[in-house]
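Topology and contacts: notes
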Amino acid sequence: MKEIIKEILSVVLDVPMHELDDFSSTQTLEQWDSLNHMKIIAALEEHFSVSFTEQETLEMQSVKLIEYTISCHLSCPPE
Amino acid sequence: MSTMSYVEIIKKNRELKNKLASEDYTVGVLTNITNHFLKDILEYSLRLSAINAIVEIGGYDNIVQDADRFQKKSSLIIVFWELINFMQGLHRLRPALINDYEAVKADMVHQIDLLMDLLKNTPLIIFNRFTNVAMSMANPVLGLLDKLAADLNKYMDSCNYRNVYFVDLPGIFLKDGIGLCLDWRNYYRNKSLYTLCFYKTYCDTIINAIRAANGQSKKMLILDCDNTLWDGIVDENGIDGIDLSADTANGAIFSEVRSMIKELAHCGILIALCSKNNSDDIDKILTQHPGIILSNNDIVIKMINWDDKVTNIKLIAETISIGLDSMVFIDDSAFEVEHVRGLLPEVNSFKVPDNLYDYPALLREISGMFYTAAQTTEDLSKQTMYRQQFRRESSKREFDSLDDYLASLDIQLFCYDNDLNIVTRLSQLSQKTNQFNLTTRRYTERQIENFITDAKYDVLAYRVKDKFGDNGITAMVILQYDLQSFTAIIDSFTMSCRIIGRNIEFSIVDHLIWRIKDKNIDQIEAVYIPTQKNVSVKHFYDKCSFQLLDSYSDAEKRYVMHIDNYSFKNATNNVMYANERDN
């Protein structure tokens, strides 16, 4: 799942995969602004067929947190 | 588009951007909400059609100011003007409407006028009709917003804009379900009202209008007969064994399909039949069967024989002189459809759906591909003109030489000299003509009007008649004069493909020279700008004995000719002016 999340981030933010890790976040990536955050959330929801609560969308600010939130929805533990 | 994921779209869009060499097609989006999902989805769907779109989303709630900025550079402007965010939100709009409905409406009308005036020269505006569907109240008495939407739409309709394509958003909501289209979570936080799903369907909806503006609308629908126009196989079941009634379930489906085809024909879409059958049988059905709905008058050309369909379709393209990429083909046989798709990928080929009840919906969808912005007299009489063309082609075979044949046609040319009454047709010639188009410069009605009223330009249009009938206004030349250097420049020279091959282009050049001789002009300049489609006119100016200037690149060919050196193809100027003598 982490790889998929990274790939989605890489495409939406136009950042190479190898520059992304668990701790890539809105703080470390300049491109991850509020507009792109909206795109990331929409792309993740579409890919995983889930719908996040507003609170979740506000919290999913790093690869790790995204993975955690999605795994809660899919009821499987993070890798 | 709806089957592709957003991430896939973004990725593929980037790839295509680097591949397409065509000129940028600039799209500006004016909006009072947040629309950032639209950019990649729209760019990708246009780039798939080889339209190299660059979409710029305007600032949030900055419609009029952005209009001024965009109108200078955009070929297309899309307007998302949402009632929900009028006056920065319903919390203001509702009280204002209660307090003084007419004042709010008048203010909106004023803003609309301001906007549309700024955009009057934009080639195409896609404007979402005002709608209150997203926030309509369950209690129908509370209908002020509905009324406002209806009144504003009515006002815009009354303005008869010529460059506007209106989109009904509720139609899009219906396709996907309104719940999947609206994103309330993002609206209240980011003013982003619509979902990815909405934007994908939205782009599918508007693409036909944009393709039409880029000269890409389809012109001809080619249909198989058995199990495509009716239920059954004539050769096996006999004429009486096929179902042409509207009373059975399948019969009702095919009748509806035939009635739609009749409507398409009525609107100027060329209908052709291509079927493996005995042509006598098909003729009998078309002329004698009471349930057929279609008649020979609706059909431009019939290829009823036992040859393969690829050969037949190529022959249709040749006979009627239209490009394969202007054709749509429908057949019930997967074999035939795959054969055509494989060998003629430019033709859009569709198979009659396995679930027959989906067939009318497919045809309704396909009808969008034939969309053109404005309909002209030439569109409505197209069927007749192409049937005449078919007769011309047939009688050509009876002559020994092409010259003899052309002489026998008794061709007459009528010139429309800077005529404002035919602007719609002229813009259409500029937008839709691909093959005989020396510069492929696309002009809107407004731009044509400007040329006509500008003394530095001459817009000359030609109507062509011969013994088989009237071809309508089928050629146009735009001349620009530079009086200081005593030069005329051919800005545009376009001719509809339906009159190609009759040497009319040479008579037109003769006429141009006769005309400018009177204007104290010494020389005439011309340019050929190559596209994928106008190869056939690559040497046109060479044939007219223009002198090629070698100082320019291979791609673009520039020419000049001193008019004293010109040798006329016709001894006398026999072009008549339409305002002196016509019909």
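Starting from 1, residues in each chain are numbered consecutively following that chain's sequence as written. Chain letters start at A and ligand numbers start at 1, both assigned in the order the entries are written. Residue-level local features of this predicted model are given only where pLDDT is at least 70; pairs of side-chain atoms are given and counted only at 80 or more, and the full residue set underlies all totals for whole chains, interfaces and linings. Hydrogens and water are ignored here; the side-chain numbers use all heavy atoms of the structure.

1. What to know about the overall build of chain B
Short version of the rule: Note on conventions: DSSP H or I runs of at least 4 residues are helices, E runs of at least 2 residues are strands, and numbering of each starts at the N terminus. For the radius of gyration, the atoms used are the C-alpha atoms, and the globule rule reads 2.2 Å times the number of residues raised to 0.38. When a residue's accessible area, from a 1.4 Å probe over protein chains only, is under 20% of the maximum for its type it is buried; when over 50% it is exposed; and in between it is partly exposed. Here a residue-residue contact requires only that any non-hydrogen atoms of the pair lie within 4.5 Å. Per-residue and other accessible areas were derived by the Shrake-Rupley procedure at a 1.4 Å probe size, with only the shown protein chains allowed to occlude residues. The charge count treats Lys and Arg as positive and Asp and Glu as negative. His and the chain ends do not count. Every charge is mapped onto a representative atom, which is NZ of Lys, CZ of Arg, CG of Asp or CD of Glu.
Scanning chain B for helices and strands turns up 22 helices and 19 strands. Computed over C-alpha atoms, the radius of gyration of chain B comes to 27 Å, within 12% of the 25 Å expected from 2.2 N^0.38 for 583 residues, which places it in the range of a compact globule. With the principal axes as the frame, chain B shows a C-alpha extent of 80 × 75 × 45 Å. For chain B, buried positions account for 53% of its 583 residues. At a minimum sequence separation of 6, the contacts of chain B that also span at least 24 residues come to 73%. By element, 50% of the accessible surface of chain B is carried by carbon and sulfur atoms, the whole surface being about 25400 Å². Computing the positive centroid from 63 side-chain charges and the negative centroid from 79, chain B places the two 4 Å apart.

2. Let's talk about the pattern of salt bridges
Side chains bearing opposite charge may pair, as long as their charged atoms lie close to each other. To be explicit about the condition: Salt bridges are defined by distance alone: a side-chain nitrogen of Lys or Arg within 4 Å of a carboxyl oxygen of Asp or Glu.
With the rule as written, the count across this model stands at 39 salt bridges over all chains. A salt bridge links Lys-2 of chain A to Glu-67 of chain A; its shortest N-O distance comes to 3.9 Å. Here Lys-2 of chain A is found in helix α1 (residues 2-13), whereas its partner Glu-67 of chain A is found in helix α4 (residues 63-73), with 65 residues between them in sequence. Each member of the pair, Lys-2 of chain A as well as Glu-67 of chain A, carries the same accessibility label: buried. One salt bridge connects Arg-441 of chain B with Asp-491 of chain B, and the closest N-O pair in it is separated by 3.2 Å. Linking Arg-441 of chain B in the loop between β12 (436-437) and α20 (445-453) with Asp-491 of chain B in strand β15 (residues 487-495), this pair joins segments that are 50 residues apart in sequence.

3. As for a nonpolar patch on the surface
Our working rule: Residues enter a patch when their relative accessible area is above 30% and they make no salt bridge; the linking distance is 9 Å between like charges and 5 Å between nonpolar side chains (Val, Leu, Ile, Met, Phe, Trp, Tyr).
A cluster of nonpolar residues, Met-137, Val-141 and Leu-142 of chain B, forms a patch on the protein surface that exposes about 310 Å² of accessible area. Relative to the helices and strands, Met-137 of chain B resides in the loop between β4 (124-128) and α5 (144-158).

4. Let's talk about the domain arrangement of chain B
Here is the rule we go by: Here the bounds of each domain stem from an automatic or database domain assignment.
Taken domain by domain, chain B holds domain 1 (6-213), domain 2 (220-370) and domain 3 (398-577). If you average the C-alpha positions of domain 2 of chain B and of domain 3 of chain B, the two centres end up 37 Å apart.

5. Quick look at helix α15 (residues 359-367) of chain B
The α-helix advances 3.6 residues per turn, and as a result positions three or four apart in sequence lie on the same side. Residue and element names in this part refer to chain B. Going by this rule: The reported arc concerns the directions from the helix axis to the C-beta atoms and nothing else.
Those residues of α15 lying buried are Tyr-359, Pro-360, Leu-363 and Ile-366. Taken down its axis, α15 places every buried residue within 120° of arc, on the same side. Buried residues along α15 sit in contact with β6 (220-223), α11 (249-266), β9 (327-331) and β10 (348-351).

6. Brief notes about the nonpolar core
Nonpolar side chains in soluble globular proteins generally cluster together in the buried interior. Residues and elements named next belong to chain B. Note the following rule: Each nonpolar core is a collection of buried residues, namely Ala, Val, Leu, Ile, Met, Phe, Trp, Tyr and Cys, held together in the definition by side-chain atoms within 4.5 Å.
With 101 residues, the main nonpolar core has Phe-130 and Tyr-202 as its most contacted residues. When sequence neighbours within four positions are dropped, the list of residues in contact with Phe-130 reads Trp-81, Leu-83, Phe-86, Met-108, Ile-112, Ala-149, Leu-152, Asn-153 and Met-156. Within the second largest apolar cluster, 38 residues are counted, among which are Cys-544, Met-561, Val-575 and Tyr-577.

7. Observations concerning the pairing of strand β8 (residues 301-305) of chain B
All names here are of chain B. This is how it is decided: Here, strands pair whenever DSSP counts at least two bridges between them. A right-handed crossover is one whose linking path, passing over the helix from the first strand to the second, runs clockwise when the strands point away from the viewer.
For β8, the tally of buried residues reaches 4 of 5 residues, placing the bulk of the element in the interior. Relative to β8, strand β7 (residues 270-276) runs parallel, the two sharing 5 bridges. Its bridge partner lying in β8, Leu-273 is registered against Lys-302. Crossover β7 to β8 through helix α12 (residues 279-288) is right-handed.

8. Thoughts on the sheet that holds β4 of chain B
Residue and element names in this part refer to chain B. Spelled out, the test is: Axis angles are defined between N-to-C directions and span 0 to 180 degrees, where every axis is a line fitted to C-alpha atoms and, for a helix, only to the segment in contact.
The parallel open sheet is built from 5 strands, whose spatial order is β2-β1-β3-β4-β5. Looking at which strands have only one partner, the edges of the open sheet turn out to be β2 (52-57) and β5 (164-167). The sheet shows a mean angle of 20° between the axes of neighbouring strands, direction not considered. The pairing of strand β3 (residues 76-80) with β4 spans 4 bridges and is parallel. Within the sheet, the bridge partner assigned to Ile-77 lies in β4 and is Ile-125. Sitting on the sheet, helix α2 (residues 38-47) is in contact with β1 (24-31), β2 and β3, with an inclination near 165° to β2. The strands that helix α4 (residues 90-118) touches are β1, β3, β4 and β5; relative to β4, the one it contacts most, it runs at about 155°.

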